[in-house]
Each structure stands twice: as C-alpha cells, then as structure tokens.
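Below are the chains, spelled out letter by letter.
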Amino acid sequence: MLYLVKGRAGSGKTNKIRQIIGEYCENNESKPLLIVPEQFSFESERAMLKFLGAKKLKQIDVLSFPRMALSNIKNSVEVQSKIASNGVKTALMGEALLQLDGRLEIFKNIRQNTVALGPLVDFSKELKYCCIDSDNLNDKIDSLNDCVLKDKIKELDLINNTYDALLSQSYFDDAEALSVFNEFAVENNFFKNKTVFLDSFRTFSKQELRCIDIILSQADNVYFSICVDEGAKKFTSLYYMRELEQALRGIANKDNVSVSEIFCNQSEDAFGKDILILEKNLYSSKKTVSDISDGSVTVVKCKNSDDECAYIAATIKKLLRSGKYRCRDIAVIERTNGVYKSNIIDALRRLDIAVFDDSRRPLVNETLFVYLSSAIDCITQGFTTESLMCYLKSGLTSLSLGEISRLEKYALVWGVGSKQWQNDFIMNPDGFGSDFTEKQAKELEEINSIRKKAVLPLLSLKKKCDDKSGKEIAEAVYNFIIDTGVREKLYDLCVSLESDGFFVESERVEGTWDILINILDSIANLLPEKVCSLKRWKEIFDILVSSGDIGEIPQGLDEVTVGSADRIRIEKIKVAFLVGVNHEEFPLVNVQGGVLTDSDRVILTNLGIDVRPAFENTIDEERFIAYCAVTAASEKLYLVYKSADSEGNSVTPSEIVDTALSCINDCDFISTDELDSSYYIESEDSAFSVYAQNYFETNELKATLEKYFENNELYYGKKVVLDRLNSKKPVKFDNPEISKKLFGEN
C-alpha cells in the first residue's frame, strides 16, 4: 500500500510521518526505513532522536538514497575498487580526450583543466542519473537528420565511453551506485516485508524513481509525504509537486499497488498572519488581501548586495539581543549557492554571531600545495623568478626570510632570468655604479650559497623525473618532500598555529598532508607504467588539486544557518531572511550551463531522451522552490532586495516582493536609505566602519564615535591611519631617526 501524506506548508506532514514511525516501532520488531534527502539527514536523525529517544532510535534506519546504496553494495564486485573522487574523474576525462586526439572535431580544443573538463564530467554523471545508456542514446539520435546536435551527441558518446572504460579499470563511479543498488535490491528482495517512509523530497532522478518503483513492488507499506494542494493549476506554487504525485501514482498503478491518502490540514498558528497571506497568494490567480498586518513579513529595499548583507547582520544581532531568538532559530536563504554566502558569513562574524559555515577551502591556496606546485613549476617553466620566489616564500623550504630577501634583491637588481638561476651569479650585488670591493665579493659568495640551497634540490628532482612513469614521478616527488624536511616544517607550523590559538587552522594544515598523499597515490594509479613528461604529470596534479577542498566544520547546536533555497532543509526556524529577492534572481531565470544548450535539451526530450529538462520546463520547480523559502520560517520573514547590481545598474524586486506589498495590507517596508547609520552599530568593528563612512559629516553621531575611538587603544592606530588618508597630505616620517635607519644620512 502507498500512503500519500498530503498537505500544504505548515500542515505537519513530517510530524505525521514521525508519529506513524513511532507507532510502528511500538507495535513491530522489524526496523522501518526512513529515506530523506542527503542534506536533511542530520536534521532528521536529530529530530527522530528527540521524538523517539535514544533507545528507540536504534529501531529505525535513517538514510539518504546515496548512503543506502553505498552501505549495501560496498561488498559487491562492482565497488571493490576505490570510489573515484571528482579530481580523479576530471583527470581521467582529460586522459580520454588525449586518447581520442584526431578523432574529435567539436571537442578537439578542450583544455586540460578543471574548468574545461568539468562540464564533460557533469554530462557523464547526468547520463547515469538519468539512466541513459549508450545504445539507447545512439538509437534515438540516429533518427535526427544530419545536424550539429547529432555530431555533438556522437562525439559526447565517444568521449563518455572512453572515459568510462578508463574509470572502470581502477575505480568505481559513485554516480552508478544507486543503479547497482537497484539491481541488488531486485535480486535480493531487499525491501521485502519492510515498511518504508520517504520524507521532505522535492524531486527525484530517474535512478531514484527506479528505486521507488522497486520499493513499491516489494515493501509491505510505503508512506510518502508530499507538499501539494488539491486542484493546483499550471504555474502555481504547488503544481510542480502535483506532477510528482501523478508520477508516483503512475508507478503504483504499474505495480498494482493501492493508493491511500492521509490529509494534513494547515494549522492556523503554523505561520504569522502575513506569512500565511503571502503563502496563499504567491503565484495564485486568485488574490486575497489581508485586513490587518501582524508585522510577520517585512520588505527591505537595500542599495546593493553589500548593503543587504550589512542590514541582515545588524538585524540578526538586534533579534538576538532582544532575548526572543537564538541563533538556531534564524536562517538566511539565498537562491543560488555562493552568490551571497561568503559575504553574509563575513558580515555575521564581524558582529560575533555564530554561523554554520560548511564552505570548504580550495586546496590550491593551502601552504603545502603552494610549495609543491610552485616547485614543479620551477622545473617545467624554466626557473622563472616568479615561480622560484613563490616556492621559497611558501615557508616550507630550508631558507630563512633573510636569505630569501637577499636572493630576491639580487634577482630584482639584475633581472635574473631562468638560465641564470642554474649557474653562479657573477654581478655586483649592489648593482651598476658600485665598486666591486671585497665586501661585495663576500656578499656575492653568500648569495650564491643561498642560490644553491634553493635550486639544487629542484634540479635533483628534475633529473629523477626524466623519462619516468607517472607512478615513478609520484614516488620521486614524495621522496623530495621527505628529503627536504617538509613533513617536519608542516608539523612546526601546526604547533605554532595551535600556540597562537588557531586550532581550526592547525587541523586544516595538518589535514593537507593526508590529502597530498592521496593525490600522489591517485596519480600513481592513473599512470602506473606509462612514461609521462613532468609537464603532463603537473597538469594531472593541478586537476586533482583544483578539484579538491578542505576545512569542513561540524555543525554546532546554536548557529545561524546560511544556505541556498534549492538545497536548504531546516526545521523549526522562526525567522528567515530571503536575500537577493530580485527579478530573475529569486526565483531564478535559469540559464543552463554545460555541454548542452536549452534548445539541445528540448530536441533530445522530444526524441524520448530524458535528460535534465530545459529551463522552460523548470519554471514550476522554481516557483515551488520560492514557495518553500517563503514558508521556511514560522514567525518572521524578511524579503531583502537590492536596487542596484554590482555595476550600479538599476534592478527591480522579484514578484515575491510585489505579491507581499499588494496582498498584505500596510506591509512593513524598510528602505535602508532612510535608516540612521547608528542602526548598523552592533560591535566596535561595525562602529568604526560607521565612523569611517561618516568621516566628513558634522553630526552628533560622528562626534561621539570620534571621541570614543580617540580614547580606545585598540582602534587609535586605525584612527590615525584614517585621519592621514583623508587629510590627503604627503606621507612623511614623524621620527627622523626612523628615516635615517631606513635610508641613511642622505
């Protein structure tokens, strides 16, 4: 039996699912299975722990589709190999293109880097998620008349088959995990006699729909929560989920499974009155206007994106100081991941607001990878001064800062070229016009000694990498970093960071060592016997490094959540800030990226090739995403938009804002232009920023802040610098003794 637990936002569908799970655990010995989106698994497990208690939680499995697949097929033949990372996949895609050199026309000029190769890897994943095999693709595409799209698909299929062949030699592609699990589930009747619950899903891939088909055909009972309303029409907020409901009913009908409905009525106190009015009217053809506003929706017009972030941070700080809310009660929601996130997090941290940041730092900026990457660049690019200085200044070589400075000074004075670095310097260290005295000769001798310390280990590495396989080069590089004492220097750096209180940074730096070893191991697996130039080896190394990241921090119990509307899954949020609520940004007017254009996707869909839909078919999904964001909070919703983009061009608010202003009588409206600067003062840091912005004003606020910072030891130096910059006077030394020490008597 398929039970559809239906209702609008705020109707308690998830609570109903948990209630049924609790009753099931009371009356049955077998474990129920709860499947949720990956990004909601932490929240779901925490909520089930609170709902059932620690003892009963052991009676239930809480999984996502990927976790369920990998945990059950890990011992199968297909996944005995190591799971390929994104970096390995990108490197193998590069290898596939090299093997097809001379056989490609459309994709013959793809560069060997992550940016260029990434879309090809994404297309391969898309084919797997959409369950499109090569034979089916070619059969359908052959019906097309000769055209660019036909040639493009033929080449993409050739590339993908070559890539898959290379990948399968040593790795398992996790994009195929659910397909492998589906076969495993059919062969082993995995879901037989089980009761399965699916909660908080908004969409499914073809792989996941196939898995649902298997679940319905095997399980005793299946409960599925779905945010839908009876009679939802095209282009309304909930029509997208109406289509999903019809798809589920179609699968159930095919499997001869009966369908029953459990209706959940929307609670009157689920939202503030204004939020409820907006929820009812958003993308509805029938508009209703509220009588009296309760202030639960506030529309905020800001000058630009920086102003949006500053307003949100200051307002959150005021909400926290009110004592009514905690950090965990608040969420900031952007439409597209990363557009606002880093700026929002920075603004919150400047006001000492705890915020969950799941961002991961790119490896390319980490000390260990700067060191090794620049070291190999020195060899492959001919010892340019730029690459050599980058290598030396990484902090992991044997040279002191003083030695590096002396070497750099000579290089700048004489414009040292690549060949000169490999031979003794012969020119006067003081440059043209200076006598070559015994003192200068000794200085030159010392500089040459420093040059040898810098260059000889690199020349030795170069020699060991000539005419070697990728595996042998990886071994030579490993021996190089061991012989030059990098492991010990990295340890010293971690100890230094810890002693200064930078514990997170210390852990991150320490973690880069294991990542580097994994990358070297991956290259050894990718190019075990094949003779490889160091330049090609470096290309693969760069791909693996640029695809990697580090620095995930566990989520705390009391932090503001920042996330994108299409991925964020949060419970019991009281206050939500929707940021960037502008036309064509929220909801998003999507421009599909990748190797297929929107018109390509329309043609392929018409041929029966079910790739990811073109934008014109995602409008309903975008409107549902907007609906979910609007209904994320129960007590207070801020719709924050900007009036100008980063280039100063005027932009208009989204239809979400228009609906709020037209349907909520006397809706709260704030323009940051009309806010006093004191609104943003929530810490000393923000107070100094306001002081700097008001520097040329002659008002009481500026005078008060000026007096405060004149007597503040921490900010006095900053104030002196600010005064100097705004005075527009030439820079001069106040203390003549300092100038004499720097430049001498003359």
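So, here's what we can say about the structure. Owing to the predicted nature of the structure, the values given are computational and were not obtained by experimental measurement. (Residues numbered from 1 in each chain as written. Predicted model: local features only at pLDDT ≥ 70, side-chain atom pairs only at ≥ 80, totals over all residues. Heavy atoms only, no water.)

Comments concerning helix α4 (residues 65-73)
It helps to recall that an α-helix has 3.6 residues per turn; residues three or four apart then point in one direction.
In step 1: Turning to α4, its buried residues are Phe65, Met68, Ala69 and Ile73. Looking straight down α4, one finds that the buried residues subtend no more than 100° of arc, so they occupy a single side.
In step 2: Looking at the packing, one finds that the buried side of α4 touches β2 (33-35), β3 (61-63), β5 (171-172), α9 (177-188), β6 (195-198) and α10 (206-218).
In step 3: At the N-terminal boundary of α4, the capping side chain belongs to Ser64, with an oxygen 3.3 Å from the backbone nitrogen of Arg67. (Buried < 20%, exposed > 50% of the residue type's maximum accessible area, 1.4 Å probe, protein only. Helix = DSSP H or I, 4+ residues; strand = E, 2+ residues; numbered from the N terminus. Arc of directions from axis to C-beta. Contact = heavy atoms within 4.5 Å. Polar contact = N/O pair within 3.5 Å; in protein donor to acceptor, adjacent residues only side chain to side chain.)

Digging into the nonpolar core
In step 1: Leu407 and Trp537 are the most contacted members of the largest nonpolar core, which has 93 residues in total.
In step 2: In this structure, Ala177, Tyr283, Val581 and Tyr627 belong to the second largest nonpolar core, which totals 77 residues. (Core = buried A, V, L, I, M, F, W, Y, C linked by side-chain atoms within 4.5 Å.)

Quick look at the pattern of salt bridges
In step 1: The tally for this structure, following the rule as stated, stands at 44 salt bridges.
In step 2: Between Lys254 and Asp255 there is a salt bridge; the shortest N-O distance is 3.1 Å.
In step 3: One salt bridge connects Glu403 with Lys453, and the closest N-O pair in it is separated by 3.2 Å. Of this pair, Glu403 sits in helix α17 (residues 401-414) while Lys453 sits in helix α18 (residues 438-465), placing them 50 residues apart in sequence.
In step 4: Residue Lys453 is classed as partly exposed on the basis of its relative accessible area, which comes to 34%.
In step 5: It is possible to trace a salt-bridge network through shared partners that takes in Lys6, Arg242, Glu245, Arg249 and Glu261. (Salt bridge = Lys/Arg side-chain N within 4 Å of Asp/Glu carboxyl O.)

A few points about the state of the cysteines
In step 1: All chains considered together, the criterion is met by zero disulfides.
In step 2: Cysteine Cys628 is unpaired, with the sulfur of Cys227 as its nearest cysteine sulfur at 5.7 Å.
In step 3: We classify Cys628 as buried; its relative accessible area is 15%.
In step 4: Here Cys663 is not cross-linked by a disulfide; its sulfur's nearest cysteine counterpart is in Cys667, at 10 Å. (Disulfide = S-S within 2.5 Å.)

Quick look at the side chain of Gln207
In step 1: By the secondary structure assignment, Gln207 is in helix α10.
In step 2: Overall, Gln207 belongs to the buried group, its relative accessible area being 3%.
In step 3: Leave out the neighbours within four places in its chain, and Gln207 touches Lys128, Tyr129, Cys131, Ala175, Glu176, Leu178, Ser179 and Asn182.

Quick word on the sheet that holds strand β7 (residues 221-227)
The pairing of strands in a sheet happens through backbone hydrogen bonds and is either parallel or antiparallel.
In step 1: Strands sit in the order β3-β2-β6-β7-β1-β8 across an open sheet of six strands; the sheet is parallel. In the strand order of this sheet, the two ends are held by β3 and β8 (259-263), each with one partner. Within this sheet the neighbouring strands show an average axis-to-axis angle of 20°, counted without direction.
In step 2: Summarising the sheet, strand β1 (residues 2-7) and β8 pair through five bridges and their orientation is parallel. Within β8, the position partnered with Leu2 by the bridge is Val259.
In step 3: On the sheet, α10 packs against β1, β2, β6 and β7 and is oriented at approximately 135° with respect to β7. (Pairing = 2+ DSSP bridges. Axes fitted to C-alpha atoms, helices over the stretch in contact; angles between N-to-C directions.)

Details of helix α20 (residues 486-499)
In step 1: Its 14 residues give α20 an end-to-end C-alpha distance of 20 Å, which sits within 8% of 20 Å, the value for a rise of 1.5 Å per residue.
In step 2: The set of residues buried in α20 consists of Val486, Leu490, Cys494 and Leu497. Along the axis of α20, the buried residues cluster in a sector spanning 80°; they form a single face. Among the exposed residues of α20, those pointing more than 90 degrees away from its buried face are Tyr491 and Ser499.
In step 3: The inward-facing, buried residues of α20 contact α15 (367-380), α19 (470-483) and α21 (503-526).
In step 4: With its phi angle positive at about 90°, Gly501 sits one or two positions after the end of α20. (Expected span 1.5 Å × (residues − 1).)

Regarding the sheet that holds strand β18 (residues 633-642)
In step 1: The strand order across the open sheet built from seven strands is β11-β16-β10-β17-β18-β9-β19, with neighbouring strands paired in parallel fashion. Two strands bound the open sheet, and with one partner strand each, they are β11 (355-356) and β19 (668-671).
In step 2: Lying on the sheet, helix α13 (residues 305-321) is in contact with β9 (297-302), β10 (330-334), β16 (560-564), β17 (573-579), β18 and β19; it crosses β18 at an angle near 155°.

Side note on the pairing of β1
In step 1: For β1, the tally of buried residues reaches six of six residues, placing the bulk of the element in the interior.
In step 2: Residue alternation in β1 divides its side chains into two sets, Leu2, Leu4 and Lys6 and Tyr3, Val5 and Gly7, and both sets are buried.
In step 3: In terms of strand pairing, β1 meets β7 through six bridges, oriented parallel. Counted as the bridge partner of Leu2 is Val222 from β7.

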